[in-house]
Each structure stands twice: as structure tokens, then as C-alpha cells.
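Report on the structure
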Amino acid sequence: MPSLVAAYAVDSGGNNSNVLTTPSFTPANGDILVVKSMSWFTGNIPGAISGGAQTYTNRKTVDIGGFTGYCRVDTAKIAGTPGAMTVSQAAPNTSCRHFLVVEHWTSADLAATPATNATVSNGSSAPAAVINTVA
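A brief look at the structure comes next. The model shown is predicted, which means the values in this text are computed figures rather than measured ones.

**Focus: the sheet that holds strand β2 (residues 20–21)**
One open sheet holds the three strands; their spatial order is β2-β7-β4, and the pairing between them is antiparallel. The sheet is open, and its two borders are formed by β2 and β4 (49–50), each paired with just one other strand. Where β2 meets strand β7 (residues 88–89), two bridges bridge the pair, whose relative direction is antiparallel. Of the residues in β7, the one forming a bridge with Leu20 is Gln89.

What follows is the structure, given as C-alpha cells:
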């Protein structure tokens, strides 16, 4: 059964273009990292994800519009034994408030095709999507 080991949250602490980096942690071979990041203003795309010599796959980046900015989800399946590592998000393209959270999962796997919502509305209704789970 998948188990959340920890979630590491990093806040920019204000409007800036700082690189965000998690505290050090030690995943095992086969563990899953889910990286969720956002920027405050539209046009400020959250930077690329790196760390631990792992390959991160961008699953979805969405421009919400208005002052809500971008949201991004990346994943990595730990390959090898990286030892103690951190995860970093490159600086956004301009100064803004930005945020990063890295979820560290064990006994989990990634779907070949993740569930995503292709339609984003900046209207007054709540977002909705059908999500088909895999096992």
C-alpha cells in the first residue's frame, strides 16, 4: 500500500526570484517523488525541477489566469541509491511569490498516463474532473 513518508514545503517568503530547495532527505530506490509548485502571478512559470541526479517528468503545467498564476506537477521514480538529496525548483522567469511542495512516497507507482484535467476555467464555478485511478 502506498505510504506518504513526508512532504517538504518551501515558500519564497515574498516577491522574489529565489531558487527553492527542500531540506535534505534520503529516498530509496523505487520511491516516488511528486513535486507540486505554483507561482502567484500569471506569466511567471515555475522553474524546472532538479535534484538527486534523478529524472523529473512534467505531468501538467496550467496557467490559471488572473492573479492566480501557474500550477505545475512533476514526478520522479527514484533510480539507484541517491543517498541524502534535496529537490530544487529553478527561479521563476520574473520576481513573484512562489511555492514548492515535494511529497515522498514509498510502495507506490506512477501510472503510464496520469489523470489530468485538460480544461481549466477562470470562471466562478468550482473546478471538476473525472479521475480514473490505476489499481
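Now, onward.
**Here we look at the environment of Ile32**
Turning to its location among the elements, Ile32 is positioned in strand β3 (residues 32–39). Along the sequence, Ile32 and Asp109 sit 77 residues apart, while their C-alpha atoms lie 6.8 Å from each other. Apart from residues lying up to four places away in sequence, Ile32 is in contact with Ala76, Lys77, Glu103, His104, Trp105, Ala108, Asp109 and Leu110.

**Quick word on the packing of aromatic side chains**
Enumeration according to the criterion identifies one aromatic pair in this entry. Summarising the aromatic geometry, the rings of Tyr8 and Phe25 are spaced 4.6 Å apart at their centres and angled 20 degrees between planes, so their arrangement reads as stacked. Taken as a pair, Tyr8 in strand β1 (residues 3–11) and Phe25 in the loop between β2 and β3 lie far apart in primary sequence, 17 residues in all. Comparing Tyr8 with Phe25, the two get one shared label, buried.

**Some remarks on the pattern of salt bridges**
Scanning all chains against the criterion turns up four salt bridges. A salt bridge links Asp11 to Arg97; the shortest N-O distance between them is 2.7 Å. A residue pair is termed long-range when its members are at least 10 positions apart, and Asp11 in strand β1 and Arg97 in the loop between β7 and β8 (98–106) qualify at 86 residues. Residue classification places Asp11 among the partly exposed residues on the basis of a relative accessible area of 40%. Taking the shortest distance from any N to any O, the salt bridge between Lys36 and Glu103 comes out at 2.8 Å. With Lys36 in strand β3 and Glu103 in strand β8, this residue pair connects regions lying 67 residues apart in the sequence. Residue classification places Glu103 among the buried residues on the basis of a relative accessible area of 15%.

**Remarks on the sheet that holds β1**
Spatial strand order, β1-β8-β3-β6-β5: five strands in an open sheet with antiparallel pairing. Lying at the two open borders of the sheet, with one neighbouring strand each, are β1 and β5 (57–63). Neighbouring strand axes in the sheet, compared pairwise and without regard to direction, differ in orientation by 10 degrees on average. Bridge analysis of β3 against β8 gives eight bridges, and the strand direction is antiparallel. For Ile32, the partnering residue across the bridge sits in β8 and is Trp105.

The rules behind these values
- Residues numbered from 1 in each chain as written.
- Predicted model: local features only at pLDDT ≥ 70, side-chain atom pairs only at ≥ 80, totals over all residues.
- Heavy atoms only, no water.
- Pairing = 2+ DSSP bridges.
- Helix = DSSP H or I, 4+ residues; strand = E, 2+ residues; numbered from the N terminus.
- Contact = heavy atoms within 4.5 Å.
- Phe/Tyr/Trp six-rings, centres within 6.5 Å; stacked < 30°, edge-to-face > 60°.
- Buried < 20%, exposed > 50% of the residue type's maximum accessible area, 1.4 Å probe, protein only.
- Salt bridge = Lys/Arg side-chain N within 4 Å of Asp/Glu carboxyl O.
- Axes fitted to C-alpha atoms, helices over the stretch in contact; angles between N-to-C directions.

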